[in-house]
Amino acid sequence: MEIFGIPHQAFLGQLMLGLVNGAFYAILSLGLAVIFGLLDIVNFAHGALYMLGAFAAWIALDSFGINYWLALIVAPLVVGIFGVVVERLLLKRLYGLDPLYGLLLTFGLSLILEGLFRERYGVSGQSYPVPDLLAGATNLGFMILPNYRAWVVVASLVVCLGTWFLIERTRLGAYLRAGTENAKLVQAFGVNVPLMVMLTYGAGAALAAFAGVLAAPIIQVTPLMGSNLIIVVFAVVVIGGMGSIMGSILTGLGLGIVEGFTRVFYPEASNVVVFVIMAIVLMLRPAGLFGKTA
């Protein structure tokens, strides 16, 4: 059986690969959208935080024997605390200034982190084993489904939708959104806005680290893994709309699938298709597909 002239196994396998890539795009662009939408910071260090999450999981296993499941909690927590420190020491001084200052600061921070890890671990990469519970694949009859890749898609969707619900449908999310619009008014009602801002950046960093832990068993853990991905993730955020939570999720998943199928039908364009789509979207809708015009 063939689909568009391609054996159905290969077609469905490419769909699964696209969903996996889209899951990483979604969860990383979600973290970027949260930080930009609520703090107005263009966080170029997001790729480095993703890399830190993967290395935290690898170091936890290699040095302390902490397994994958515990690393899914420990690594985002550690990187989230690091994000809180960065926000308190550096970023809080830039609030109210042009977002370019935040972009330059976080870009410099990403270069520093990448350089430190390259000096310590090199660029060859470290392998991280797939947990025993998720090893192997399941025969669905119409395709062979790798268990770990299916887990990545499900875990990413749960985290992304849970984050969207927290920000858009809860009182805490309402406080966060109100605090970014009028901090003085919200503080007058007894809400600790600086604490919320600090925890928001920490949560965005933790989301990046969570994605890093998910990625560790699939790709080599290397200091370059974040810089290789962050430009594509920024393109996803721009297409979805800067600051749009649901836009980041839907666009990330959709573009992952588009990129996957491009590898089947026209492999030469697979590395640029996201940027072509970004250019078209910006010409037709400068605020992005789900963004709001000023």
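Residues numbered from 1 in each chain as written. Predicted model: local features only at pLDDT ≥ 70, side-chain atom pairs only at ≥ 80, totals over all residues. Heavy atoms only, no water.

1. Re the overall build of the chain
Cut-off, in case you're wondering: By definition, any uninterrupted DSSP run of H or I lasting at least four residues is a helix, any uninterrupted run of E lasting at least two residues is a strand, and each is numbered from the N terminus. Values of the radius of gyration come from C-alpha atoms, whereas the globule rule sets the reference at 2.2 Å times the count of residues to the power 0.38. By definition in these notes, contact holds between two residues if any of their heavy atoms fall within 4.5 Å. Only the protein chains shown count as cover for residues, and the accessible areas themselves come from Shrake-Rupley with a 1.4 Å probe. Lys and Arg are tallied as positive, Asp and Glu as negative. Neither His nor the chain termini are counted. Every charge is mapped to an atom, namely NZ of Lys, CZ of Arg, CG of Asp or CD of Glu.
Looking only at helices and strands, the chain has 11 helices and 4 strands in total. Relative to a compact globule of 294 residues, whose C-alpha radius of gyration would be 19 Å, the chain shows 19 Å and is just as compact. If you take every contact in the chain between residues at least 6 apart in sequence, the share linking residues at least 24 apart comes to 78%. Total accessible area on the chain is roughly 14,200 Å²; 68% of this is exposed by carbon and sulfur atoms. Charge centroids of the chain, computed over 13 positive and 12 negative side chains, lie 12 Å from each other.

2. Some words on the pattern of salt bridges
The criterion, for reference: Salt bridges are counted wherever a side-chain nitrogen of Lys or Arg sits within 4 Å of a carboxyl oxygen of Asp or Glu.
Counted under the stated rule, the structure contains 3 salt bridges. Its salt-bridge partner being Glu-259, residue Arg-263 comes within 3.7 Å of it at the nearest N-O pair. Of the two residues, Arg-263 and Glu-259 are both situated in helix α10 (residues 245-265); the distance of 4 residues between them amounts to about one turn of the helix.

3. A closer look at the nonpolar core
For clarity, the threshold we go by: Only buried Ala, Val, Leu, Ile, Met, Phe, Trp, Tyr and Cys residues count toward a nonpolar core, and they belong to the same one when joined by side-chain atoms within 4.5 Å. Each residue is placed in one exposure class: buried if its accessible area under a 1.4 Å probe, protein chains only, is under 20% of its type's maximum, exposed if it is over 50%, and partly exposed if it falls in between.
In this structure, Leu-28, Tyr-50, Tyr-128 and Leu-214 are the most contacted members of the largest nonpolar core, which totals 90 residues. Among all residues touching Leu-214, those that are not within four sequence positions of it are Phe-24, Tyr-68, Leu-72, Tyr-148, Trp-151, Val-152, Ala-155 and Ser-156.

4. Focus: helix α1 (residues 8-39)
Put simply, the rule is: To estimate the expected span of a helix, subtract one from its residue number and multiply by 1.5 Å.
Taking 1.5 Å of rise per residue, 32 residues should cover 46 Å, and α1 covers 45 Å from first to last C-alpha, within 8% of that figure. Of all the 32 residues making up α1, 24 are buried; the element is thus mostly covered by neighbouring parts of the structure. A positive backbone phi angle near 60° is found at Asp-40, which sits one or two residues after α1.

5. Brief notes about the environment of Ile-59
Along the chain, Ile-59 falls in helix α2 (residues 46-64). For the pair Ile-59 and Gln-126, spaced 67 residues apart in sequence, the C-alpha to C-alpha distance is 10.0 Å. Apart from the residues lying within four places of it in its own chain, the contact partners of Ile-59 are Phe-64 and Tyr-121.

6. Topic: the side chain of Thr-106
Along the polypeptide, Thr-106 turns up in helix α4 (residues 99-121). On the basis of relative accessible area, Thr-106 is assigned to the buried category, the value being 0%.

7. A word on the packing of aromatic side chains
This is how the line gets drawn: Note on aromatic pairs: the rings of Phe, Tyr and Trp (six-membered ring only in Trp) are paired at centre separations within 6.5 Å, and the planes decide the class, stacked below 30 degrees, edge-to-face beyond 60, tilted for the rest. Here, over-ring charges are defined by two tests on the NZ atom of lysine or the CZ atom of arginine: distance to the ring centre within 6 Å, and angle to the ring normal within 35 degrees.
One pass over the structure, following the stated rule, counts 11 aromatic pairs. Seen in terms of ring centroids, Tyr-68 and Tyr-148 are 5.8 Å apart; in terms of plane orientation they differ by 70°. Their pairing is edge-to-face. Here Tyr-148 lies in helix α5 (residues 147-169) and Tyr-68 lies in helix α3 (residues 68-89), a separation of 80 residues in the sequence. Neither Tyr-68 nor Tyr-148 differs from the other in exposure class; each is buried. Summarising the aromatic geometry, the rings of Trp-69 and Trp-151 are spaced 5.4 Å apart at their centres and angled 65° between planes, so their arrangement reads as edge-to-face. Of this pair, Trp-69 sits in helix α3 while Trp-151 sits in helix α5, and the two are 82 residues apart along the sequence. Connected via pairs of aromatic rings, a cluster forms that spans Tyr-68, Trp-69, Tyr-128, Tyr-148 and Trp-151. Here the basic side chain of Arg-120 rests over the ring of Tyr-121, its NZ or CZ set 4.9 Å away from the ring centre.

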